[in-house]
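# Architecture and fold: a report
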Amino acid sequence: MKAMTGKAEVSAISIAIPLTLLAILSGGIVVAAGLVPFDNAGPAIPAPQSVFIEGRRFAYRDSAEYFRNGLAVDAPRKDVEVRTRLQIMKFQTTRGEYRRCVDEGACVPADEPEGVVTPDMPVTGVSYDDAMRYAKWLSKRTGQTWTLPTDFELAYAADDRFPDDALGIADDERNPAVRWLADYERESRRAGSIDPRPRPKGEFGVSKTGLFDFGGNVWEWTSTCNRRINLDQGAGNEKPSRLDCGIFIASGKHRAPMSSFVRNPKGGGCSVGAPPDNLGFRLVRHPTLIESVSDFARKVAAELTARPTEAQMETANNEG
């Protein structure tokens, strides 16, 4: 038993040391190449509150619209093993946070909602383009990399709060009226909220992963381009580039494809279905190369450390 434990410890050290040296070397290369921005405009500002979503197995239904034989069908749902953790803003970007970007001339003022507006309310009346400008500004001012999440990342982070848009109609159902009626009933339930006015952050609860206010009356922009996939064409459905995309997915109580310039979803621009009550956003942070290597080394060391314990338990069970 001791020999086994000693061997595992040596293996962990033999892997951890090269990974540490790689992280140091990579950091030197990044700095020397000028990939780390040190020319922030003014003093750096604190990064927004965020949560870490640890890796796990996750069931995800694709955001694209699927068709077979000319009829709409439910998008496939697949189990995905996520191995890297995700860092995402705990709350939606607030009006106060967005106002600072406006004051520095990097963002366009958001459209004001009706009623009383306070700095701790989520910013609404912003387009996809507005959110991208804010992400660029925040990255520069914090020295970190912040971007809009993909639809998958937002679904992964929201977990139990993320909706399943499937109608539950069998794929072999050939009567289009069945799906049309089910879709009509769903859209009727979605139409209009009792009170669509934005609320201060935290009033719509929290997911089991620690994400606040997702699924309230603010839909969140993602960087995922809306797609229509014809299953009869197979591999002929290419994924469009974000640069060539004009319609992006906004997610909340349900998914809504929206034109990138739209700020007021009630005024048009929604491709299909009931429009969102409001449009806002939250951002994800991408780790640096050094952070990625360090996180990988931590996971490898943890796995190697756990193996002797598992081997001891198995041996003890066998002896028992």
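Going by the structure above, here's the rest.
Read on for an overview of the structure. (Residues numbered from 1 in each chain as written. Predicted model: local features only at pLDDT ≥ 70, side-chain atom pairs only at ≥ 80, totals over all residues. Heavy atoms only, no water.)

### Considerations on the overall build of the chain
Here is the rule: Only DSSP runs of H or I with at least four residues qualify as helices, and only runs of E with at least two residues qualify as strands; both kinds are numbered from the N terminus onward. Exposure classes here rest on a 1.4 Å probe applied to the protein chains alone. A residue is buried below 20% of its type maximum, exposed above 50%, and partly exposed in between. Contacts are assigned to residue pairs that have any heavy atoms within 4.5 Å of one another. Computed with the Shrake-Rupley method and a 1.4 Å probe, the accessible areas treat only the protein chains shown as cover for residues.
Within the chain, the regular secondary structure consists of six helices and 13 strands. For the chain, with 320 residues in total, the buried portion stands at 41%. Sequence-distant contacts in the chain: of pairs separated by 6 or more residues, those separated by 24 or more amount to 73%. Accessible area of the chain: about 17,700 Å², with a carbon and sulfur share of 56%.

### Let's talk about helix α2 (residues 95–103)
Side chains that are three or four residues apart share a direction in an α-helix, a result of its 3.6 residues per turn. Heads up, the condition is: Within this analysis, the arc is defined by the directions that extend from the helix axis to the C-beta atoms.
All buried positions along α2 are accounted for by Arg95, Tyr98, Cys101 and Val102. For α2, the arc enclosing every buried residue in end-on projection is 115°, short of the 170-degree limit, so these residues lie on one face.

### Examining the state of the cysteines
Note on terminology: disulfide describes a covalent bond linking the sulfur atoms of two cysteines. The criterion, for reference: Any pair of cysteine sulfurs within 2.5 Å is marked as a disulfide.
Considering all chains together, one arrives at two disulfides under this definition. The disulfide bridge from Cys225 ends at Cys245, spanning 2.0 Å between sulfur atoms. Sign of the S-S torsion, about 95° for the bond between Cys225 and Cys245, identifies this disulfide as right-handed. In this pair, Cys225 sits in strand β8 (residues 219–225) while Cys245 sits in the loop between β9 (228–230) and β10 (247–251), placing the two residues 20 residues apart along the sequence. Using a relative accessible area of 13% as the deciding quantity, one classes Cys245 as buried. Going through the chain in sequence order and numbering each bonded cysteine, the pairs you get are 1-2, 3-4.

### Comments concerning empty space enclosed by the protein
Stated precisely, the cut-off is as follows: Think of a 1 Å grid over the protein atoms and nothing else: a 1.4 Å probe that fits but is trapped marks a cavity, an open set flanked by protein within 12 Å on at least five of seven lines marks a pocket, and residues with an atom within 4 Å of a point count as lining. Grid points are joined across faces, edges and corners, and a volume is the space filled by probe spheres set on the points.
Tallying each qualifying case throughout the model produces one cavity of 30 Å³ or more. Empty space within the largest cavity amounts to approximately 50 Å³. Taken together, Gln92, Pro122, Pro198, Arg199, Pro200, Lys201, Phe204, Asp213, Gly216, Asn217 and Val218 make up the lining of the largest cavity.

### Here's the deal with the pattern of salt bridges
Working definition: two side chains of opposite charge can pair if their charged atoms are close together. This is how it is decided: The term salt bridge refers to a side-chain nitrogen of Lys or Arg lying within 4 Å of a carboxyl oxygen of Asp or Glu.
Taken as a whole and assessed by the stated rule, the structure comprises 20 salt bridges. Ionic pairing is found between Arg141 and Glu104, a salt bridge with its closest N-O pair at 3.1 Å. With Arg141 in helix α3 (residues 128–142) and Glu104 in the loop between α2 and α3, the pair connects residues that are 37 residues apart, well separated along the chain. Owing to a relative accessible area of 39%, Glu104 belongs among the partly exposed residues under this scheme. Put simply, Arg263 and Asp130 hold a salt bridge, and the shortest N to O gap is 2.7 Å. In this pair, Arg263 sits in the loop between β11 (255–259) and β12 (279–280) while Asp130 sits in helix α3, placing the two residues 133 residues apart along the sequence. Overall, the relative accessible area of 2% leaves Asp130 in the buried class. One continuous salt-bridge network, built from bridges that share partners, spans Asp111, Asp130, Arg133 and Arg263.

### Regarding the sheet that holds β8
Note the threshold: When DSSP finds two or more bridges between a pair of strands, those strands are recorded as paired. Between N-to-C directions, angles cover 0 to 180 degrees, with each direction set by a line fitted to C-alpha atoms, over the stretch in contact for helices.
Here we have four strands laid out as an open sheet, ordered β11-β10-β8-β12, and mixed in their pairing. Where the open sheet ends on each side, the last strands, each with one partner, are β11 and β12. In this structure, β8 lies alongside β12, joined through two bridges in parallel fashion. Each bridged residue has a counterpart across the sheet, and for Trp219 the counterpart in β12 is Leu279. Each of β8, β10 and β11 touches helix α4 (residues 151–158); the most contacted strand, β8, lies at about 135° to it.

Remember, this is a structural readout, not a statement about activity or role.
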